[in-house]
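# Architecture at a glance
Okay, here's what each chain looks like letter by letter:
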Amino acid sequence: MRESTSFQELKAVKGQQATYWEACETLGILEDDKHWDATMEEAVLCRSPTKLRAISFRDHVNEMELRLVPEQREIFNKILPSIENMDGGFYFLDTPGGAGETFVLNLLLAQLRKDRNIVLVISSGIAAMLLSGGRSVLSVFKLLLNLETEETPMCNISKSSSHCTLLQQFKLIVCDECTMSHKRAVEVPNTA
Ligand SMILES: Nc1ncnc2c1ncn2[C@@H]1O[C@H](COP(=O)(O)OP(=O)(O)OP(=O)(O)O)[C@@H](O)[C@H]1O
């Protein structure tokens, strides 16, 4: 695009004055949701509410996947097959702030939930709110607040409880901001 010399010129497309939004749309540098709207308009005529929800969620996941930048795609393409093949892998993502780690994790979670897999998101505290469905590591693994002082802390979960059965069904456990947790909050559930 040729360098503009004024705000007025930025808004002028083909000699016509428009809004900034209209100018971007005309130049094709702005994506909108028209194709999603058209899909949904067509679907409401012939699909059940359950199918409609599935369509919109699937579209959302597909759209997010298309937006991955190469580094994010590399992570996504490495972790997803490992989960699907039940390799039992352990991945540590160490990225600079704002690099898009939450974006990739939310996509992984959505992709697995789309196929009705059960996933778990845990975090040391406030970060549990950043990822969809996040819970705190202490509440999920029923850890007591004595991690610092107790020599052999334990997860307060009975093997015969429904909570234990549920934990065994998780396909993926995302531990966000795990370096902010006490190291035993990671070690104890791992050895339980
Ligand atoms: N591939 C992408 N396409 C579009 N937007 C993206 C993409 N990746 C990240 N973003 C956006 O960039 C912003 C920062 O991304 P995100 O929150 O995932 O980064 P982060 O590494 O988790 O940040 P922090 O470490 O500070 O929590 C968000 O608004 C997110 O929606």
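Look up: the structure comes first, before these words.
These remarks concern the structure in this document. Each chain carries its own residue numbering, running from 1 in the written order of its sequence. pLDDT decides what is reported in this predicted model: residues at 70 or higher carry local features, side-chain atom pairs at 80 or more are listed and counted, and totals for whole chains, interfaces and linings draw on all residues regardless. Side-chain measures here rest on the full set of heavy atoms in the structure, leaving out hydrogens and waters.

## Some thoughts on the overall build of the protein chain
Counting from the N terminus, the helices are the DSSP runs of H or I reaching at least four residues and the strands are the DSSP runs of E reaching at least two. Tallying secondary structure elements over the protein chain gives 9 helices and 5 strands in all. Taken from N to C terminus, the helices and strands of the protein chain fall in the order α-β-β-α-α-α-α-α-β-β-α-α-β-α. Burial classification: accessible surface area is computed with a 1.4 Å probe over protein chains only, and a residue below 20% of its type maximum counts as buried, one above 50% as exposed, and the rest as partly exposed. Buried positions account for 27% of the 192 residues belonging to the protein chain. Here the open area of atoms and residues is found with the Shrake-Rupley method and a 1.4 Å probe, where only the protein chains shown may cover a residue. Surface accessibility of the protein chain: about 13,500 Å² in total, with carbon and sulfur atoms responsible for 55%.

## Quick word on helix 6 (residues 101–114)
Quick reminder: α-helices carry 3.6 residues per turn. Residues three or four places apart thus point the same way. With 14 residues, helix 6 should reach 20 Å at 1.5 Å per residue; the first-to-last C-alpha distance of 20 Å fits that figure. Listed in full, the buried residues belonging to helix 6 are Val104, Leu105, Leu107, Leu108, Leu109, Ala110, Gln111 and Leu112. Multiplying 1.5 Å by the residue count of a helix minus one yields the expected span of that helix.

## A look at the sheet that holds strand 3 (residues 119–123)
Pairing is parallel in the open sheet, where 3 strands are placed in the order 4-3-5. Each end of this open sheet is capped by a strand with a single partner; those strands are strand 4 (134–136) and strand 5 (172–176). Sheet twist, expressed as the mean angle between neighbouring strand axes with direction ignored, is 35 degrees. The sheet contact formed by strand 3 and strand 4 spans 3 bridges and is parallel. Strand pairing requires that DSSP identify at least two bridges connecting the strands. For every element, the axis is a line fit to its C-alpha atoms; helices are fit only across the contacting stretch, and the angle between N-to-C directions ranges from 0 to 180 degrees.

## Some words on the site of the ligand
Proximity criterion: a residue is near a molecule or strand once any of its heavy atoms comes within 4 Å of it. Around the ligand lies a shell formed by Arg67, Leu68, Val69, Gln72, Pro96, Gly97, Gly98, Ala99, Gly100, Glu101, Thr102 and Phe103. Between N or O atoms, a polar contact is any pair within 3.5 Å; within protein, one atom must be a potential hydrogen donor and the other a potential acceptor, and residues adjacent in sequence are included only when both atoms are from side chains. In the model, an oxygen atom of the ligand is placed 3.0 Å from a nitrogen or oxygen of the glycine 98 main chain. The contact in question runs from an oxygen atom of the ligand to an N or O atom on the backbone of phenylalanine 103, over 2.8 Å. Expressed as a share of its isolated accessible area of 630 Å², the protein-covered part of the ligand is 58%. Partitioning the shell around the ligand into residue classes produces 5 nonpolar, 5 polar and 2 charged. Under this grouping Gly is polar, as are all residues other than the nonpolar Ala, Val, Leu, Ile, Met, Phe, Trp, Tyr, Cys and Pro and the charged Asp, Glu, Lys and Arg.

## Some thoughts on the pairing of strand 5
Within a regular strand, side chains alternate between the sheet's two faces. Residues Leu172, Val174 and Asp176 line the buried face of strand 5, whereas the alternating positions Ile173 and Cys175 sit on a face that is not buried. Taken together, the 5 bridges between strand 3 and strand 5 define a ladder with parallel strand orientation. Across the sheet, residue valine 121 finds its bridge partner in strand 5, namely valine 174.

## Quick look at the pairing of strand 3
Counting buried positions over the 5 residues of strand 3 gives 5, a clear majority of the element. Alternating residues of strand 3 divide into Val119, Val121 and Ser123 and Leu120 and Ile122, and every residue in both groups is buried.

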